[in-house]
Amino acid sequence: MDKKTHSNRKWITACAAAMLFAATAQAQDKVTVTDRPLVSTSSNYTNFRAPLRQAPLLKLPVGQVQPRGWLRKYLELQRDGLNGKLNTISAWLDKNNNQWLSDSGDHGWEEVPYWLRGYCSLAYILDDEDMKKEAQVWFDAVFENLKSDGFLGPRNYENGNPEVWAQMVMLWALQTYYEHSGDEKVLDAMTDYFKWEMTVPDSQFLKGLWQEKRGGDNLWSVIWLYNRTGDESILPLIDKLHRNTSDWTMKDDLPNWHGVNVAQGFREPATYYMYNNDPDMLQATYNAFNTMRQRYGQVPGGMYGADENARDGYFDPRQGAETCAIVEQMASDEILMGITGDPFWADHCENVALNTFTAAMTSDMKALRYITSPNMAISDEKLHGPSIDNNLRGMLSMSPFSSRCCQHNHGMGWPYYAEHLVMATSDNGLATMLYAANETTAKVGAEGHTVRLTEDTEYPFEEKVTLTVHTGGEGVTFPLYLRVPAWSDKTAVSLNGKSLSVAGAEGKYVRIEREWQDGDKVELEMPMSVTSQVWQQNKGSVSVNYGPMTLSLKIKENFEQHDSRDPAFVQDDSHWQEGVDASLWPCYVLKPESQWNYALKVDRSFIPSGITVTKKEWPADDMPFTAESVPLEFSVKGYQIPSWGYDATGMTDQLPVKWAERSTQETFLTLIPMGAARLRISAFPKVVDGE
């Protein structure tokens, strides 16, 4: 978390001025630095209909943003890995007697929609025919099994109350399917389902842990549908969902401390703000975000120490986040990018994705870790309670069956990220939001001219982003927004080789409005430097950053392979389909083969003393997030702390106290980007030079 407290107040007061500017700005070569994209009414993409507030950024339909480079590689690995093959190996996705295919089914409740929303997005981005056909089987079943009262999916009850959590997830999958297909059955099914929800008495509505805490997911789907149909009869459901969802507007507190609930629940007030127009609702989302980070998020990597439930006294960087929480946080950041236009949410999404999510899975995307922490010097199958808040086997090992929730839910992480690399602006432009190589095809300008925007970069391992506008031959007028990360304080932007004035752009946007010609090039230079952050609430530990990436100690990682069917490595809720060749899906225990218990030597600005960077060749396989192939390494100095080891459960122990005895011998250490380290120490004890 940045040192400042994030607030939306300045945006609210600036909206009126932005509208005036939009009406008077000249279309030719107008270059400005702005806090938010201008709020207007898009001629090209689905707007937020009155009485909803207009959002400044609009997600492009799935498939219009085509990732390239390392992100494309990760999506292809996901296709060939766990998410792409789960329908053939997970018993919860077995079509025989599945709840989503038959009213008499007995399994697949949340697992099917969890898996399907990432799977279908991946299928449409990659335009994979086999995957699209598989997704269609499940969507067709949803439509074929609609109930006469409007209910959608399997009927389940909790204490006599209708269970609707799984439906919330399926709604998101249906929304992606509609973006791809335009199938009107989606709109009809969602309308009927929401009308059914309005018939449920408040005394029975959203009663249950998941649905009560996560009602904001349902609320977002109501807004999505209303924007497409204009059916005002569903608007009262927005109020009903808000009053029956847990109160995420509490002052200096949260209604629940379950890590996944927090990651998706905290944005509910901001979603409701789009309907009730109360700035306090929007501010409540910022407040909830800050409250979690202030108590349990004093660690690098963008997440917090919840393991499963955040607990008093357990906020050391050895505490981690569920993979479910990681991808849900990324999805919340992406939604908030659109609602607010605040570049902070894009900064945060990159922080989580590039430093935490990349390390939560094996490089072949065939196994994942239930809990990933900033500091974890061992990743094994043992029971680690109460050091972590889940005393089950396999919480830290890499496994294809690392809990049935994360196993199925992880798949939305990278596809949703890819969908939000570039977004439409409500003033008929485009905004580069999350930086990675891609080619985007979109409509721009008042006349809806189709352009292609290509982005060439190896970001975050490269400082330069090159954007090329392809208009098809004729000039096209529209605004192009470049998000400038908050860490980038020496940003340079050029247009066709001519430097532009962009002083003070960090944490804002550079807006270029002009008549674009075919082949116009914009170059964004974001020089990366070494910075640090001291986490005073975690024993004054220090983390080291390079641009958007946090650095971790390079530990020699021994991947010890095991049979995923071995009871010592598998959880009770993990089940294979019959006939699966389990040897193709091993699990791994990661053990260190080098020392890891070091304090960093830092200067009085808390920068590692004498740090140097080595830039290596880009990996031929386009996989930079592994300890072996990462193209950046840093040399630093440190001192070993012999007493810092493992606790009684065998888990990486808490940070040592300041006066813990350390070696007097200075040692040269190698740091690598945190996202490339499956075993890692990212929050270090520090030794200040000269003290």
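Above this text you will find the structure in question.
Attention in this report is confined to the structure presented alongside it. (Residues numbered from 1 in each chain as written. Predicted model: local features only at pLDDT ≥ 70, side-chain atom pairs only at ≥ 80, totals over all residues. Heavy atoms only, no water.)

### Here we look at the sheet that holds strand β14 (residues 449-456)
Move 1: One open sheet accounts for 7 strands, arranged β3-β13-β14-β15-β20-β17-β18; its pairing is antiparallel. A single partner strand is all that each edge strand has here, and the edge strands are β3 (65-67) and β18 (498-500). Along the sheet, successive strands turn relative to each other by an average axial angle of 20°, direction set aside.
Move 2: Note: β14 against strand β15 (residues 464-470), 5 bridges, orientation antiparallel. Bridge pairing in β15 places Asp456 opposite Thr466. (Pairing = 2+ DSSP bridges. Helix = DSSP H or I, 4+ residues; strand = E, 2+ residues; numbered from the N terminus. Axes fitted to C-alpha atoms, helices over the stretch in contact; angles between N-to-C directions.)

### Regarding unusual backbone geometry
Move 1: Residue Pro51 follows Ala50 across a cis peptide bond; omega there is 10°.
Move 2: As for its position among the elements, Pro51 is in the loop between β1 (30-34) and β2 (57-58).
Move 3: That bond from Tyr459 to Pro460 is cis: its omega, 10°, falls within 30 degrees of zero.
Move 4: Tracing the chain through its elements places Pro460 in the loop between β14 and β15.
Move 5: You will see that Phe606, though not glycine, has its phi angle at about 65°, which is positive.
Move 6: When you line up the elements, Phe606 lands in the loop between β26 (598-602) and β27 (612-615).

### Overview of the sheet that holds β1
Move 1: With mixed pairing, the 6 strands of this open sheet are ordered in space as β1-β19-β16-β12-β11-β2. In this open sheet, the two strands that pair with only one neighbour each are β1 and β2.

### Concerning the pattern of salt bridges
Pairing is possible between side chains that carry opposite charge, provided their charged atoms lie close to one another.
Move 1: Evaluation of the coordinates by the stated rule reveals 38 salt bridges.
Move 2: Between Arg117 and Glu328 there is a salt bridge, with the nearest N and O atoms lying 2.7 Å from each other. One end of the pair, Arg117, is in helix α4 (residues 111-126); the other, Glu328, is in helix α14 (residues 323-340), and 211 residues separate them in sequence. Residue Arg117 shares its accessibility class with Glu328, and that shared class is buried.
Move 3: Connected through shared salt-bridge partners, Asp29, Arg514 and Asp520 make up one network. (Salt bridge = Lys/Arg side-chain N within 4 Å of Asp/Glu carboxyl O. Buried < 20%, exposed > 50% of the residue type's maximum accessible area, 1.4 Å probe, protein only.)

### Details of the environment of Met303
Move 1: Within the secondary structure layout, Met303 lies in the loop between α13 (279-296) and β6 (321-322).
Move 2: Using a relative accessible area of 5% as the deciding quantity, one classes Met303 as buried.
Move 3: Separated by 69 residues in sequence, Met303 and Thr372 place their C-alpha atoms 9.8 Å apart.

### Quick look at empty space enclosed by the protein
Move 1: Counting across every chain of the model gives 3 cavities of 30 Å³ or more.
Move 2: For the largest cavity, the lining is made up of 13 residues, of which Pro300, Met303, Thr356, Thr372 and Pro374 are closest to its centre.
Move 3: Here the residues of the lining of the largest cavity are counted per class, giving 6 nonpolar, 6 polar and 1 charged. (1 Å grid on protein atoms, 1.4 Å probe; cavity = no way out; pocket = protein on both sides within 12 Å on 5 of 7 lines; lining within 4 Å. Points joined across faces, edges and corners; volume = space filled by probe spheres on them. Nonpolar A, V, L, I, M, F, W, Y, C, P; charged D, E, K, R; others polar.)

### Considering the environment of Asp427
Move 1: Among the secondary structure elements, Asp427 is positioned in the loop between β11 (422-425) and β12 (430-432).
Move 2: On the basis of relative accessible area, Asp427 is assigned to the buried category, the value being 11%.
Move 3: Note: C-alpha distance between Asp427 and Asn159 (268 residues apart in sequence) is 49 Å.
Move 4: With sequence-adjacent residues up to four places away left out, Asp427 is seen in contact with Leu38, Ser40, Pro479, Tyr481 and Arg511.
Move 5: A polar side-chain atom of Asp427 sits 3.0 Å from a polar atom in the side chain of Arg511. (Contact = heavy atoms within 4.5 Å. Polar contact = N/O pair within 3.5 Å; in protein donor to acceptor, adjacent residues only side chain to side chain.)

### Section: the packing of α13 against helix α15 (residues 343-355)
Move 1: Contact pair α13 / α15: the axes reach a minimum separation of 13 Å and the direction vectors enclose 35°. Of the two possible hands of crossing, α13 and α15 adopt the one that is left-handed. Contact residues: α13 offers Thr285, Tyr286, Phe289 and Arg293, while α15 offers Phe344, Trp345 and His348.
Move 2: In terms of residue class, the contact of α13 with α15 is made up of 4 nonpolar, 2 polar and 1 charged. (Left-handed = near helix turned anticlockwise from the far one by under 90°.)

Distances and angles like these do not, on their own, reveal function.
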